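Here is what each chain is made of, one letter per residue.
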Amino acid sequence: MTKKVLVVDDEKLIVKGIRFSLEQDGMMVDCAFDGQEALEKARKTEYDMILLDVMLPKIDGFEVCQTIREFSNVPIVMLTAKGDDMDKILGLEYGADDYITKPFNILEVKARIKAIMRRAALFNPVNVNRDTEDRIIEIDNLVFDKKNRQLTIDGVEYNLTSREYEVLLLLATHPGTVFSREELLVKIWGEDYPGDERTVDVHIRRLREKIEPNPKEPKYVCTKWGVGYYYKQI
């Protein structure tokens, strides 16, 4: 199935270069040059990934990301200024799954996009011949729909980002096993991911804010101080 990518940046040469390169790999690419246009396209079309620049006319990338998260869990990769750690952390706080720093090598961008899509396929296997049970995982009162990448808890659906979903699914399917931040980075983001362990902490915090009755005293995603995170079986 052809992958659809939305590239959002007000620098038209950058957009043109990314679009050409991705289309060479058989992807379908839409473009937007400001935040308002990006939101309009994201609402109308179901994309497999969105590349989103931070600095945009009309609506900045952070607000675009936050708004998209209200109606979609599409993987979002923020394009941030080189060395600007605050942009990276803010992007993750607003719901981005990953980030790439400018200036970048187009080969790196393509490699990161493909890696994220491969991981999404692993966590979201689609096979029309499978029974429903093969794509539904029930752990305690959590129900994971792997085909639609949805989580419900006690019948209530929670809108998780791609990374949040993957982290929770990994922890929940290994109850009691403590994963270090480094292990989670490798398993979820990949061995070549250039980010640091703060990425994991941000996603864990956002995940807790969404699913935990009391994020300060989590009952699902717990911390083993000095070691890492684990799922506590009810």
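Nothing here was measured: the structure is a model prediction, and the numbers come from that model.

Criteria and cut-off values
- Residues numbered from 1 in each chain as written.
- Predicted model: local features only at pLDDT ≥ 70, side-chain atom pairs only at ≥ 80, totals over all residues.
- Heavy atoms only, no water.
- Pairing = 2+ DSSP bridges.
- Helix = DSSP H or I, 4+ residues; strand = E, 2+ residues; numbered from the N terminus.
- Axes fitted to C-alpha atoms, helices over the stretch in contact; angles between N-to-C directions.
- Contact = heavy atoms within 4.5 Å.
- Salt bridge = Lys/Arg side-chain N within 4 Å of Asp/Glu carboxyl O.
- Buried < 20%, exposed > 50% of the residue type's maximum accessible area, 1.4 Å probe, protein only.
- pLDDT = per-residue confidence, 0-100.
- Expected span 1.5 Å × (residues − 1).
- Arc of directions from axis to C-beta.
- Core = buried A, V, L, I, M, F, W, Y, C linked by side-chain atoms within 4.5 Å.

1. Here's the deal with the sheet that holds strand β6 (residues 136-139)
Read from one edge of the open sheet, 4 strands run β6-β7-β8-β9, paired in antiparallel fashion. Looking along the sheet, the strands with just one partner apiece sit at the ends: β6 and β9 (156-158). The average undirected angle you get between the axes of adjacent strands in this sheet is 25°. Of the strand pairs in this sheet, strand β8 (residues 150-153) and β9 are connected by 3 bridges, and their pairing is antiparallel. If you follow I153 over to β9, its bridge partner there is V156. Each of β6, β7 (142-145) and β8 touches helix α7 (residues 162-172); the most contacted strand, β7, lies at about 120° to it.

2. Things to note about the pattern of salt bridges
Any two side chains of opposite charge can pair if their charged atoms end up close together. Under the counting rule described, the total for this entry stands at 18 salt bridges. Close ionic contact of R69 with D97 constitutes a salt bridge, the shortest N to O distance being 2.8 Å. Of the two residues, R69 sits in the loop between α3 (61-68) and β4 (76-81) while D97 sits in the loop between α4 (85-93) and β5 (98-102), which places them 28 residues apart along the sequence. Taken individually, R69 and D97 each receive the classification buried, so the pair is uniform in this respect. Measuring nitrogen to oxygen at the nearest pair gives 3.2 Å for the salt bridge that ties E164 to R206. One end of the pair, E164, is in helix α7; the other, R206, is in helix α9 (residues 198-211), with 42 residues separating them in the sequence. Taken together, the salt bridges that share partners define one network made up of D98, E108, R112, R163 and E166.

3. Re the confidence of the model for the chain
Taken over all residues, the pLDDT of the chain has a mean of 86, while the share at 70 or more is 91%. Between residues 125-133, whose pLDDT stays under 50, and residues either more than four places distant or in other chains, the model counts 3 contacts.

4. With respect to unusual backbone geometry
Along the chain, K102 connects to P103 via a cis peptide bond; the corresponding omega equals -10°. Looking at where P103 falls in the secondary structure, it is placed in the loop between β5 and α5 (106-123). Despite not being glycine, K58 shows a phi value in the positive range, around 70°. Residue class for K58 comes out exposed when judged on its relative accessible area of 65%. With a phi close to 55°, D140 is a non-glycine residue in the positive phi region.

5. Details of the environment of K232
Here K232 shows up in the segment after β11 (228-231). Its relative accessible area of 46% is what places K232 among the partly exposed residues. In the structure, K232 is positioned 115 residues away from M117 in sequence and 29 Å away in space, judged by C-alpha atoms. Discounting residues that sit within four places of it in the chain, K232 has contacts with D140, K219, Y220 and C222.

6. With respect to helix α1 (residues 12-24)
The terminal C-alpha atoms of α1, which comprises 13 residues, lie 18 Å apart, in line with the 18 Å expected from a rise of 1.5 Å per residue. Among all positions of α1, only V15, I18, S21 and L22 are buried. Axial view of α1: buried residues confined to an arc of 140°, hence all on one face. Opposite the packed face of α1, turned more than 90 degrees from it, sit the exposed residues K12, L13, K16, F20 and Q24. Following α1 by one or two positions, G26 adopts a phi angle in the positive range, close to 85°.

7. As for the nonpolar core
In this structure, I50, L52, M78, F144 and L168 are the most contacted members of the largest nonpolar core, which totals 50 residues. If you tally residues by element for this core, the top one is α7, at 7 residues. Counting 17 residues, the second-largest nonpolar core is a separate cluster that includes V5, V29, V77 and M117.

8. Let's talk about the sheet that holds strand β2 (residues 28-32)
Taken together, 5 strands build an open sheet; the order of strands is β2-β1-β3-β4-β5 and the sheet is parallel. The strands lining the two open edges of the sheet, one partner per strand, are β2 and β5. Recorded for the sheet is a direction-independent mean angle of 20° between the axes of neighbouring strands. In the sheet, strand β3 (residues 49-53) pairs with β4 via 4 bridges, with the strands oriented parallel. Bridge pairing in β4 places L51 opposite V77.

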